[in-house]
Each structure stands twice: as structure tokens, then as C-alpha cells.
Amino acid sequence: MKLYKIAILEDDPVFASQCKERLKKMNRVTKVEVYNSAEEFPDERDVPYDLVFVDIDLPGKSGLDFILERHSADSKTNYAILSAFESEEALFKALKAGATGYILKKDVGDIQEKAEILLEGGGILSPGLAARVIHSFRKTSHKEVEILSNREKKVLDMIVDGKRTKEIAASLGTKEGTVRVQIKSIFRKLHVNSRLELVRKFS
């Protein structure tokens, strides 16, 4: 069974402590550490983390610059924004920098579930942000999306919203195998290889 290490890059000690306590309760998580700034964060070769939650507004180097620098140097670690900023510009910059998620601080009540999705290789966005991505996606790639069937469009919406295959199947009242076939069809039609690419390609 794979065990995980998580870090939180956040300069608000109270908020960071709350998140740390919740994440420490996850079954397969053996280490959760908090760092106050990008400059304080250790070299990944010294302390390899599987997932790092990053605030954007940090003292010194910004969270976006940190992810851009770290993701290019080590793509094995998942980086996810954990911020109060609901800026569309910040959202798209984060995704392009290499973030696999963008979670608003007001949505950390289920941070354990979100962390699990990220550790399993999925991408996740807070609901309001997911809606913005979908809107931008359709606005910038209307012709490409039109080649999808109505059912595939529904599946696509839920993928961008961070839903897992099991959740999509339950929502549509179908089997997971059927959803997997539809996801493969979406990937083929839109020329992508992963769920995250769906967001990155059209942002």
C-alpha cells in the first residue's frame, strides 16, 4: 500500500494548522508539514512530497511562481492551489504553471476527499471555478466540443468539475465501464490524453 507525504505552503498559521490536522487523519498519509514561504520550502530531493497545497499570496515568491519553478524541475509531485483568490486569471495561470487543482479556502471542509483525488492523479477545482473553466472551454473551443454527443458533453462537464468515474456513473445512472468508454471517446475526439489536459488545453 502506497503511503503519502503532504505539505502546505501557507503563511496564515491558524488556517494552515486547521488543514494540517484534517489531512493528518487520512489513512495513508504519514507526514503533513507546513511552510510559511516558498523560500522556506525544502529542496524536493531532500524531502519528496506527493502533494503540496500552495497559497498564491505568500511573502516573497508568489505561489504561482513557486509552482512554475517546481513543476518544471520535478513533475512527480502534485501541486494544488489553496487560496482565497477567485480570479479567473489566477486560475488559468495556475493550471498552465502545472497545478493539478485550484481549491478555494472556503471549500476546505472536505479537504481530505480533495487530497485523495489529487493523490490518485486526478484534478480538482472548486465548484464555482469549475463553472468558469467550462464557460471558457466552450467559448474558446465551441466547434471542437460540438463534435461530442450530448451524453459525452455531460460527461465532459463532470470531468472538468473534478468528478471521478464512479461519481459520473452514479449521476448518469449508468455503469462505470460505460463511462470509461465515453471518456476514451472524448479524449480521442478532442485530441487529449488525460482529464487534466482537457482543462489545460482550452484554458
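All figures in this text were calculated on a predicted structure; none of them were measured in a lab.

**Some remarks on the UniProt feature "modified residue: 4-aspartylphosphate" (unreviewed entry) in the protein**
- Summarizing the sequence annotation, UniProt attributes the feature "modified residue: 4-aspartylphosphate" (unreviewed entry) to Asp55 in the numbering used throughout.
- Mapping aspartate 55 onto the fold places it in the loop between β3 (51-54) and α2 (63-73).

**What about helix α1 (residues 13-24)?**
- With 12 residues, α1 should reach 16 Å at 1.5 Å per residue; the first-to-last C-alpha distance of 16 Å fits that figure.
- Among the residues of α1, Phe15, Ala16, Cys19 and Leu23 are the ones counted as buried. Down the axis of α1, the buried side of the element spans an arc of 95°, and every buried residue falls inside it. Exposed and oriented more than 90 degrees from the buried face of α1 are Pro13 and Val14.
- Where α1 begins, the side chain of aspartate 12 points an oxygen toward the backbone nitrogen of valine 14, at a separation of 3.1 Å.

**Some details on the sheet that holds strand β2 (residues 29-35)**
- Strand order in this open sheet of six strands is β2-β1-β3-β4-β5-β6, and the pairing throughout is parallel. Lying at the two open borders of the sheet, with one neighbouring strand each, are β2 and β6 (124-125).
- In this sheet, β2 lies alongside strand β1 (residues 4-9) in parallel orientation, the contact comprising six bridges. Looking across to β2, one finds that lysine 5 is bridged to lysine 31.
- In the packing of helix α3 (residues 88-97) onto the sheet, contacts are made with β4 (78-83), β5 (101-104) and β6, and the angle to β5 comes to roughly 145°.

About the cut-offs
Residues numbered from 1 in each chain as written. Predicted model: local features only at pLDDT ≥ 70, side-chain atom pairs only at ≥ 80, totals over all residues. Heavy atoms only, no water. UniProt positions renumbered as here; feature names shortened; annotations may be inferred. Helix = DSSP H or I, 4+ residues; strand = E, 2+ residues; numbered from the N terminus. Expected span 1.5 Å × (residues − 1). Buried < 20%, exposed > 50% of the residue type's maximum accessible area, 1.4 Å probe, protein only. Arc of directions from axis to C-beta. Polar contact = N/O pair within 3.5 Å; in protein donor to acceptor, adjacent residues only side chain to side chain. Pairing = 2+ DSSP bridges. Contact = heavy atoms within 4.5 Å. Axes fitted to C-alpha atoms, helices over the stretch in contact; angles between N-to-C directions.

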